[in-house]
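Coordinate analysis (summary)
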Amino acid sequence: MLKITDLVKRYGGGEPVLKDLNLTIEGESVVSIIGSSGAGKSTLLRCINRLVEPTSGSIVLNGTELTDLRGAKLRAARRKIGMVFQGFNLVDRLTVMENVQSGRLGYISTYAAIMRRYPKKDIRRAFELMERVGIAQYANVRADQLSGGERQRVGVVRALMQDPEILLADEPTASLDPKTSEQIMGLLRDLAGELKLPVLINIHNVTEAKQYTDRIVGMRYGRIIFDDLPTKLDQDAMDRIYSGSPHADRGGEMKAAS
Ligand SMILES: Nc1ncnc2c1ncn2[C@@H]1O[C@H](COP(=O)(O)OP(=O)(O)OP(=O)(O)O)[C@@H](O)[C@H]1O
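Residues numbered from 1 in each chain as written. Predicted model: local features only at pLDDT ≥ 70, side-chain atom pairs only at ≥ 80, totals over all residues.

Under an unreviewed UniProt entry, the name given to the chain is Phosphonate ABC transporter ATP-binding protein, and the source organism is Palleronia sediminis.

Here is the structure:
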């Protein structure tokens with residue numbers, strides 16, 4: 001279970017971009033986060049895996065408080081959080097297998113990693129997952145030889161190789177054509193069910209959010225203002241999530257504060 005309580009994030013001395021945010025995700029549900037540009041969606045995901053340091057509040061993943069971890073404990077916790085990126089974040093000159101095995105970096109020795117001596121069980125697991133997502137035939141192909149959809153499948157397998165307890169996806173389909181985008185969303189949904197994994201997806205495509213996720217969280221200026229089933233996301237809710245501008249909202253708050 002992921003439980004976020006009163007999360008605040010302020011970059012530098014500016015206005016908070018996450019404001020006392022509360023969110024709980026139980027079980028294997030696939031949750032999408034929608035909202036205008038600048039609403040704080042990426043910041044939220046990045047606070048969870050501590051790519052961004054939360055200013056205050058609590059983030060507990062399966063009993064572990066993530067916000068105050070340091071050093072080895074932080075690295076261990078990060079292994080349990082798989083991340084899929086919009087730009088795939090693959091190493092182009094490495095093969096698919098090498099990219100996929102980088103998901104195990106936190107688990108094997110540096111020497112084994114440098115020598116590319118992957119444990120047999122990791123190779124077996126990589127092939128299982130690559131078969132599952134349809135890229136096993138590319139195991140020895142350089143990553144830059146693949147299409148966008150294939151590259152994102154490599155990104156998904158790399159994240160799953162971490163043996164994660166949760167999968168975070170930051171606009172995983174934004175660089176893909178519509179058909180490929182749907183395939184990747186379908187894949188994330190199916191994998192969540194098969195691996196009993198909660199998946200949190202930051203996404204701009206509301207149609208896909210409705211079609212492929214179990215729950216939609218709507219953010220506006222650092223707050224969650226909608227959290228319900230996709231069928232409940234009607235025009236009124238859409239207007240509340242997407243209307244106005246961050247400038248107007250923050251201006252009002254700044255006036256109130258001064
Ligand atoms: N590293 C940073 N330093 C300062 N401000 C930042 C930083 N990263 C994000 N911000 C600001 O925080 C706010 C929220 O940004 P964030 O990227 O989380 O929003 P988002 O909802 O993911 O937007 P988008 O959909 O455009 O990716 C924005 O005003 C942004 O300019």
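Still to come is the rest of the account.
Overview of the site of the ligand
Let me state the cut-off plainly: Should the C-beta atom of a residue, placed from the backbone, lie within 6 Å of a molecule or strand, that residue is near it. Working definition: helices are DSSP H or I runs of at least four residues, strands are E runs of at least two. Numbering for both runs from the N terminus. Classes in brief: Ala, Val, Leu, Ile, Met, Phe, Trp, Tyr, Cys and Pro nonpolar; Asp, Glu, Lys and Arg charged; the others, Gly included, polar.
Contacts to the ligand come from Tyr11, Val17, Gly35, Ser37, Gly38, Ala39, Gly40, Lys41, Ser42 and Thr43. For the shell around the ligand, the element with the highest residue contribution is helix α1 (residues 41-48), accounting for three residues. Class assignment for the residues of the shell around the ligand results in three nonpolar, six polar and one charged.

Quick look at the sheet that holds strand β10 (residues 223-228)
Where we set the bar: Pairing between strands is defined by DSSP: at least two bridges between them are needed. Angles shown run from 0 to 180 degrees and are taken between the N-to-C directions of axes, each axis being a line fitted to C-alpha atoms and, for helices, limited to the stretch in contact.
Pairing in this open sheet of six strands is mixed, and the strands run β6-β7-β8-β3-β9-β10 from one edge to the other. Where the open sheet ends on each side, the last strands, each with one partner, are β6 (81-85) and β10. The mean inter-strand angle of the sheet, taken between neighbouring strand axes irrespective of direction, is 20°. Sheet topology places strand β3 (residues 30-34) next to strand β9 (residues 215-220); four bridges connect them, and they run parallel. Following the sheet pairing, Ser32 is matched in β9 by Ile216.

Some words on the confidence of the model for the chain
What counts is decided by this rule: The predictor attaches a confidence to each residue, called pLDDT, with possible values from 0 through 100.
On average, residues of the chain carry a pLDDT of 90, and 91% of them reach 70 or more. Reported confidences for the modelled complex are a pTM of 0.91 and an ipTM of 0.98.

What about the domain arrangement of the chain?
The following threshold applies: As annotated, the domain borders come from an automatic or database domain assignment.
Once the domains are mapped, the chain shows domain 1 (1-78 + 166-258) and domain 2 (81-163). Look at where the C-alpha atoms of domain 1 and domain 2 centre, and you get two points 25 Å apart. Sorting the residues of the side of domain 1 that touches domain 2 by element identifies α2 (71-79), β7 (166-170) and α7 (178-195) as the ones contributing at least two each. Of the residues that constitute the side of domain 1 that touches domain 2, the class distribution is ten nonpolar, four polar and four charged.

A few points about unusual backbone geometry
Inclusion rule: Once C-beta atoms are placed from the backbone, each residue is buried if 20 or more other C-beta atoms lie within 10 Å of its own, exposed if 12 or fewer, and partly exposed for counts between those two.
In this structure, Asp163 takes a positive phi of about 60° despite not being glycine. As for its position among the elements, Asp163 is in the loop between α6 (148-161) and β7. What makes Asp163 partly exposed here is the crowd of 15 C-beta atoms within 10 Å. Unusually for a residue other than glycine, Lys196 sits at a positive phi of about 55°. Within the fold, Lys196 resides in the loop between α7 and β8 (199-202).

Examining the nonpolar core
Here is the rule: By definition, a nonpolar core groups buried Ala, Val, Leu, Ile, Met, Phe, Trp, Tyr and Cys residues that are joined through C-beta atoms within 7 Å. With C-beta atoms placed from the backbone, a contact is any residue pair whose C-beta atoms sit within 7 Å.
Judged by nonpolar contacts, the single largest core of 61 residues is most densely connected at Val157, Leu168, Leu188 and Val199. Taken together, domain 1 (1-78 + 166-258) and domain 2 (81-163) each give at least three residues to this core, which thus spans both. If we ignore the near neighbours within four places in the chain, the residues touching Val157 are Val100, Ala126, Leu129, Met130 and Val133.

Details of the packing of helix α5 (residues 120-133) against α6
Keep this limit in mind: Should the near helix be turned anticlockwise from the far one by less than a right angle, the crossing is left-handed, and should it be turned clockwise, the crossing is right-handed.
With their axes 10 Å apart at the nearest point, α5 and α6 run at an angle of 140° to one another. For the element pair α5 and α6, the recorded crossing hand is right-handed. Counting all contacts with α5, which are made through Arg125, Ala126, Leu129, Met130 and Val133, the residues of α6 involved are Arg153, Val156, Val157, Leu160 and Met161. Residues of the contact of α5 with α6, tallied by class, amount to eight nonpolar, no polar and two charged.

Focus on the sheet that holds strand β4 (residues 56-61)
As summarised here, the arrangement of the four strands in space is β2-β1-β4-β5, forming an open sheet in which the pairing is antiparallel. The sheet is open, and its two borders are formed by β2 (16-25) and β5 (64-65), each paired with just one other strand. With six bridges joining them, strand β1 (residues 2-10) and β2 adopt antiparallel strand pairing. Residue pairing for β2: Leu2 is matched across the bridge by Ile25. Packing against the sheet, α1 makes contact with β1, β2 and β4, and its axis sits at approximately 65° to β2.

Side note on the environment of Ile48
Tracing the chain through its elements places Ile48 in helix α1. In the structure, Ile48 is positioned 24 residues away from Ala72 in sequence and 17 Å away in space, judged by C-alpha atoms. Not counting residues within four places of it along the chain, the set of residues in contact with Ile48 comprises Ile59, Ile81 and Leu168.

Regarding the pairing of β4
Where β1 lies against β4, five bridges are found, and the strand directions are antiparallel. Of the residues in β4, the one forming a bridge with Lys3 is Val60. Between β4 and β5, which pair antiparallel in sequence order, lie two residues; one of them, Asn62, sits at a positive phi of approximately 45°.

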